[in-house]
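# Inside the fold
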Amino acid sequence: MTYNHERFVAQAIEGVLAQRCNFPIEMIIGDDCSTDGTRHIIAEYAASYPHIIKPIYHEKNVGAAVNQRECMAACTGEFVAVLEGDDYWIDPDKLRLQVEALEARPDYALCIHDAETFNDADNSKEWTFGEEFSHILPSEGDAPRTFTQLDIARYGWFIPTASMLMRATSIPRPLPTWFDGIYSGDFALQLMSTRQGPSLYLPRVMARYRIHTQSKGSTMAQSEDKFKRRIFEAKMFQQHVFRPKDRKHADIYLALQYQGYARFLGSHGRYWEQLKYQASSWLYNWQRVPLYFERRLKLAFTA
């Protein structure tokens, strides 16, 4: 998925073309009506690799979620890997290793791996996900680790988008229309995929995650639209992603979004609205109490 990535998109494409695979691949590139030279670069690559690259050129800006949904619908492979146009893969064996890992574990739905974040201004390394989330992720060289849907729900965002490779059968195709209104498409895909089976984490750095001021995370950092989309997203997770017995995890996620929006409203002097959303947060936060004791009991019995 790409939008105004003129400086980055060639690097992303080259990282895919460099993959050493014993199976055919296709590269779906969705350009969300970029206003710079992104589309021209994509067209040049598509002309050189017509058997691999299949571009989707949106004639108007449809937004990241719609672009992602249309890219996913165009994929025809047995496995689907995700990459945004400002990140790139650095290990030519990435796809082969992930496909082999899932083929060896037919009950698993998703394979992920470590990635390095870097500052676009000077190309300097910031941190790896394994370092930043060392309490969750094993160190490089350690054995792979399994994560279930509920693990991902509890831990939140710790999976690099550029590391995701899913079984195509583990996600609804096409993606539901409610996907267009959410904030975090990668998090939603992680939860949807792992409803069908666990995820395997490979402790190996195979991608780079670019930090720059034009990224979605930077431009929407404290926008009202972000909080509204997060709340909508949590409600969709409640209704469509978690099984009924597990919806308490979606309730907790929703409580956190209400709480964040309440703080935002308070910082803008909208105190009556803040009170409303703070009350909603308190209501759902009661779910934390039984969940806490449930976790403590599990730990006691597995100790």
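Above: the structure in question.
These remarks concern the structure in this document.

## Some words on the pairing of strand S2 (residues 53–57)
Across a regular strand the side chains alternate sides, sitting on one face of the sheet and then on the other. Looking at chain direction, strand S1 (residues 27–31) and S2 are connected through five bridges and run parallel. Note on S2: the bridge partner recorded for Gly30 is Ile56. For the crossover that starts at S1, traverses helix H2 (residues 38–48) and ends in the parallel S2, the hand is right-handed.

## Side note on the side chain of Asp114
Within the element layout of this structure, Asp114 appears in strand S5 (residues 110–119). It turns out Asp114 is buried and unbridged, and the closest side chain with the opposite charge, Lys125, is 8.1 Å from it. Those residues in contact with Asp114 that lie beyond four places of it in its chain are Thr128, Phe129, Gly130, Pro160, Tyr201, Leu202, Arg204, Val205, Met206 and Ala207.

## Brief notes about a nonpolar patch on the surface
Residues Trp272, Leu275 and Trp282 make up a contiguous nonpolar surface patch of about 450 Å² in total accessible area. With respect to the element layout, Trp282 can be found in helix H11 (residues 271–285).

## A look at the nonpolar core
Within the largest apolar cluster, 79 residues are counted, with the highest numbers of intra-cluster contacts made by Met166, Leu189, Met192 and Phe237. Considering each element in turn, this core owes the most residues, eight residues, to helix H10 (residues 247–267). Residues in contact with Leu189, not counting those within four places in the same chain, are Gln68, Met72, Val82, Met164, Met166, Ile171, Leu175 and Phe179.

## Some words on the packing of helix H9 (residues 224–241) against H10
Two numbers describe how H9 lies on H10: the axes approach to 9 Å, and their chain directions differ by 165°. Between H9 and H10, the angle is such that the two are roughly antiparallel. Seen along the crossing, H9 lies across H10 with a hand that is left-handed. Residue-level contacts link Glu224, Phe227, Lys228, Arg230, Ile231, Glu233, Ala234, Lys235, Phe237, Gln238 and Gln239 of H9 to Arg247, Ala250, Asp251, Tyr253, Leu254, Gln257, Tyr258, Gly260, Tyr261, Phe264 and Leu265 of H10. Considering only residue class, the contact of H9 with H10 consists of 11 nonpolar, four polar and seven charged.

## Concerning the pattern of salt bridges
Inspection of every chain in the model, using the stated rule, returns 19 salt bridges. Close ionic contact of Arg204 with Asp91 constitutes a salt bridge, the shortest N to O distance being 2.8 Å. Highlighted residues: Arg204 in strand S9 (residues 199–211) and Asp91 in the loop between strand S4 (88–89) and helix H4 (94–103), separated in sequence by 113 residues. Here Glu131 makes a salt bridge to Lys125, at a shortest N to O gap of 3.3 Å. Given the relative accessible area of 46%, Glu131 is considered partly exposed. Residue Lys125 is classed as partly exposed on the basis of its relative accessible area of 44%. The network of salt bridges with common partners includes Arg20, Asp93, Arg96 and Glu100.

What counts and what doesn't
Residues numbered from 1 in each chain as written. Predicted model: local features only at pLDDT ≥ 70, side-chain atom pairs only at ≥ 80, totals over all residues. Heavy atoms only, no water. Pairing = 2+ DSSP bridges. Helix = DSSP H or I, 4+ residues; strand = E, 2+ residues; numbered from the N terminus. Right-handed = clockwise from strand over helix to strand, strands pointing away. Buried < 20%, exposed > 50% of the residue type's maximum accessible area, 1.4 Å probe, protein only. Lys, Arg positive; Asp, Glu negative; His and termini not counted. Salt bridge = Lys/Arg side-chain N within 4 Å of Asp/Glu carboxyl O. Contact = heavy atoms within 4.5 Å. Patch = residues over 30% accessible without salt bridge, like charges linked within 9 Å, V, L, I, M, F, W, Y side chains within 5 Å. Areas by Shrake-Rupley, 256 points an atom, 1.4 Å probe, with all protein chains shown as cover. Core = buried A, V, L, I, M, F, W, Y, C linked by side-chain atoms within 4.5 Å. Axes fitted to C-alpha atoms, helices over the stretch in contact; angles between N-to-C directions. Parallel < 35°, antiparallel > 145°, perpendicular 65-115°, else oblique. Left-handed = near helix turned anticlockwise from the far one by under 90°. Nonpolar A, V, L, I, M, F, W, Y, C, P; charged D, E, K, R; others polar.

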